[in-house]
Amino acid sequence: TRDEELRRLDVARRIVMTQYSPPPLIGEVARRVGMSETKLKRAFKSRFGTTLYDMSVEARMRHALELLRCRRMSVGQVAYAVGYSHQTSFTTAFKQHFGFLPRAARQ
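Given the structure is predicted, the values throughout are model-derived calculations rather than measurements.

Turning our eyes to something else, we now look at unusual backbone geometry. Residue S21 is joined to P22 through a cis peptide bond whose omega torsion reads -5 degrees. By the element assignment, P22 lies in the loop between α1 (2-18) and α2 (26-33). For R71, which is not a glycine, the phi torsion comes out positive at approximately 65 degrees. Looking at where R71 falls in the secondary structure, it is placed in the loop between α4 (52-70) and α5 (75-81). With a relative accessible area of 52%, R71 lands in the exposed category.

This part covers the layout of surface pockets. Considered as a void within the structure, the largest pocket measures approximately 180 Å³ in volume. In terms of lining, the largest pocket is formed by 13 residues, of which the most central are P23, Y53, S56, V57 and R60. In terms of residues, the lining of the largest pocket owes the most to one element, α4, which gives five residues. Here the residues of the lining of the largest pocket sort into 11 nonpolar, one polar and one charged.

One turn of the α-helix equals 3.6 residues, which is why residues spaced by three or four share an orientation. Between its first and last C-alpha, helix α3 (residues 37-48) extends 16 Å over 12 residues, near the 16 Å set by a 1.5 Å rise per residue. Buried within α3 are the following residues: L40, A43, F44 and F48. Buried positions in α3, seen along its axis, are confined to an arc of 105 degrees and lie on one side of it. Of the exposed residues in α3, those oriented more than 90 degrees away from the buried face are R42 and S46. Where the residues of α3 are buried, they touch α1, α2 and α4. Backbone geometry just after α3 places G49 at a positive phi near 75 degrees.

Moving on, we get to the packing of aromatic side chains. This model, assessed by the stated rule, comprises six aromatic pairs. Ring centres 4.7 Å apart and planes at 55 degrees place the aromatic pair F44 and F48 in the tilted group. Separated by four residues within a single helix, F44 and F48 lie in helix α3, roughly one turn from each other. Aromatic ring contacts, followed pair by pair, group Y84, F90, F94, F98 and F100 into a single cluster.

Evaluation of the coordinates by the stated rule reveals seven salt bridges. E5 is the partner of R2 in a salt bridge, and the nearest nitrogen-oxygen pair spans 3.1 Å. A residue pair is termed a helical-turn pair when its members lie 3 or 4 positions apart in one helix, as R2 and E5 do in helix α1 at three residues. Taking the relative accessible area as the measure of exposure, R2 reaches 53% and is therefore exposed. For E5, a relative accessible area of 16% translates into the label buried. Two residues, E5 and K39, come together in a salt bridge whose shortest N-O distance is 3.0 Å.

Cut-offs and rules
Residues numbered from 1 in each chain as written. Predicted model: local features only at pLDDT ≥ 70, side-chain atom pairs only at ≥ 80, totals over all residues. Heavy atoms only, no water. Helix = DSSP H or I, 4+ residues; strand = E, 2+ residues; numbered from the N terminus. Buried < 20%, exposed > 50% of the residue type's maximum accessible area, 1.4 Å probe, protein only. 1 Å grid on protein atoms, 1.4 Å probe; cavity = no way out; pocket = protein on both sides within 12 Å on 5 of 7 lines; lining within 4 Å. Points joined across faces, edges and corners; volume = space filled by probe spheres on them. Nonpolar A, V, L, I, M, F, W, Y, C, P; charged D, E, K, R; others polar. Expected span 1.5 Å × (residues − 1). Arc of directions from axis to C-beta. Contact = heavy atoms within 4.5 Å. Phe/Tyr/Trp six-rings, centres within 6.5 Å; stacked < 30°, edge-to-face > 60°. Salt bridge = Lys/Arg side-chain N within 4 Å of Asp/Glu carboxyl O.

In structure tokens form, the structure reads like this:
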């Protein structure tokens, strides 16, 4: 039913908004909510106006920003906490997302 599909999409959204490390794979999310990958991707974008991947990146970057502002973790620790195995990859993605380097978030 439509209600069941909406519930599954909300669960999928909750997964990508709260699982930072490792970031959830689309196939894993689809299995967990009981939908095919194709149907999940199409319905998710239709319901939320964005892809699972983009929503996941957005959630992970926002979480990283919070962690950096707390100043308790190094940039490397924050990178690992949001699913990056290499600090340089995280720094590149962070700068691309926010327009400034992770260390600037501390100031």
